Amino acid sequence: MGVRSLLARVVGAGVLATVLFVASTALAIWWTARQDARPQSDAIVVLGSAQYNGVPSSIFEARLEHALRLHEQGVAPVIVTVGGKAAGDQFTEAEAGRDYLARAGVPAEALLAVPEGVDTLESMRVVGTAFAERGWETAVLVTDPWHAMRAERMAEDAGMEAESSPTRQGPAVQTRATQVRYILRETAAYLLYRVTGESVAGAPGIG
């Protein structure tokens with residue numbers, strides 16, 4: 001076998017391994033999105049998304065409504081909202097989420113706003129710190145289905161025992177085309193995090 005032929009085989013094997021690894025990651029994201037874990041936990045953690053002058057976006061509202069139902073079912077005694085604010089905003093995502101849930105009847109003592117985090121990684125780290133300060137360990141994460149696997153991984157890396165109960169409504173799950181687009185973007189974001197330990201800010205559910 002010539003050197004050129006051997007090199008071609010090695011390159012081909014590397015390409016195939018990469019394709020299989022990416023495909024298996026996408027499949028794992030799809031599979032995780034279909035799960036719905038609701039164990040008794042210390043807190044329900046709602047991942048932030050866009051808000052407009054204190055009013056949650058449709059994606060954020062879907063997450064908050066799902067968290068509200070989990071709280072009413074007794075999954076956890078506290079709902080944690082997390083997320084900072086963009087330049088020029090008057091409200092953080094965490095504050096907008098907390099206020100939305102308060103208006104829905106959740107008692108103040110059952111709400112904790114963590115008004116920091118510009119992406120999922122930073123949000124999970126500040127929530128992990130809040131958990132440690134209170135002696136909490138277990139969390140149920142509420143986010144979009146395609147975001148669940150990466151959010152779980154980042155939460156666990158931040159010291160929490162995390163499972164997810166994704167939303168089943170809202171713009172992120174409306175059409176097949178939307179679902180495929182989110183899975184592809186989440187695959188790239190998850191692999192980036194596993195390789196570099198960094199996050200990437202972007203569209204809701206991607207940062």
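Thresholds, definitions, all that
- Residues numbered from 1 in each chain as written.
- Predicted model: local features only at pLDDT ≥ 70, side-chain atom pairs only at ≥ 80, totals over all residues.
- Heavy atoms only, no water.
- Helix = DSSP H or I, 4+ residues; strand = E, 2+ residues; numbered from the N terminus.
- Contact = heavy atoms within 4.5 Å.
- Core = buried A, V, L, I, M, F, W, Y, C linked by side-chain atoms within 4.5 Å.
- Buried < 20%, exposed > 50% of the residue type's maximum accessible area, 1.4 Å probe, protein only.
- Lys, Arg positive; Asp, Glu negative; His and termini not counted.
- Salt bridge = Lys/Arg side-chain N within 4 Å of Asp/Glu carboxyl O.
- Patch = residues over 30% accessible without salt bridge, like charges linked within 9 Å, V, L, I, M, F, W, Y side chains within 5 Å.
- Areas by Shrake-Rupley, 256 points an atom, 1.4 Å probe, with all protein chains shown as cover.
- Charge placed at Lys NZ, Arg CZ, Asp CG, Glu CD.
- Pairing = 2+ DSSP bridges.
- Axes fitted to C-alpha atoms, helices over the stretch in contact; angles between N-to-C directions.

> Which parts of the structure should I look at to understand the overall build of the protein?
Assigned secondary structure in the protein consists of 6 helices and 7 strands. Counting from the amino terminus, the protein carries its helices and strands in the arrangement α-β-β-β-α-β-α-β-α-β-α-β-α. For the protein, the proportion of contacts with a sequence separation of at least 24, taken over those separated by at least 6, is 69%.

> Would you explain the nonpolar core in this entry?
The nonpolar side chains of soluble globular proteins are, as a tendency, buried together. V45, V80, M124, F131 and L141 are the most contacted members of the largest nonpolar core, which has 23 residues in total. Breaking this core down by element, the ones donating at least two residues are strand 1 (43-47), strand 4 (79-82), strand 5 (111-114), helix 4 (120-134), strand 6 (138-142) and helix 5 (148-157). Per-element tally for this core: the top contributor is helix 4, with 6 residues. Other than its neighbours up to four places away in sequence, V80 contacts A43, I44, V45, V46, L112, V114, V127, F131 and W136. Core analysis: the second largest hydrophobic core is formed by 17 residues, V46, F60, L68 and L101 among them.

> Looking at this structure, how should I read the side chain of E152?
Counting through the fold element by element, E152 comes out in helix 5. Although E152 lies buried, it forms no salt bridge, and the closest oppositely charged side chain, R168, sits 9.4 Å away as judged by the N-O distance. Those residues in contact with E152 that sit more than four places away from it in its chain are T32, L141, A162, E163 and S164.

> I'm lost on a negative patch on the surface in this one. Help?
The grouping of E137, E156, E161 and E163 at the surface amounts to a negative patch. By the element assignment, E156 lies in helix 5. Judged by relative accessible area, E156 falls into the partly exposed class, the value being 41%.

> Help me understand the sheet that holds strand 5 in this model?
Strand pairing in a sheet relies on backbone hydrogen bonds. The paired strands run either parallel or antiparallel. With respect to topology, 5 strands assemble into an open sheet ordered 5-4-1-6-7, the strand pairing being parallel. Since the sheet does not close on itself, it has two edges, and those belong to strand 5 and strand 7 (161-164), each with one partner. Each strand of the sheet is rotated relative to its neighbour by a mean of 25 degrees, with strand direction disregarded. In terms of strand pairing, strand 1 meets strand 4 through 4 bridges, oriented parallel. By the bridge assignment for strand 4, V46 is matched with T81. Sitting on the sheet, helix 5 touches strand 6 and strand 7, and the angle it makes with strand 7 is about 170 degrees.

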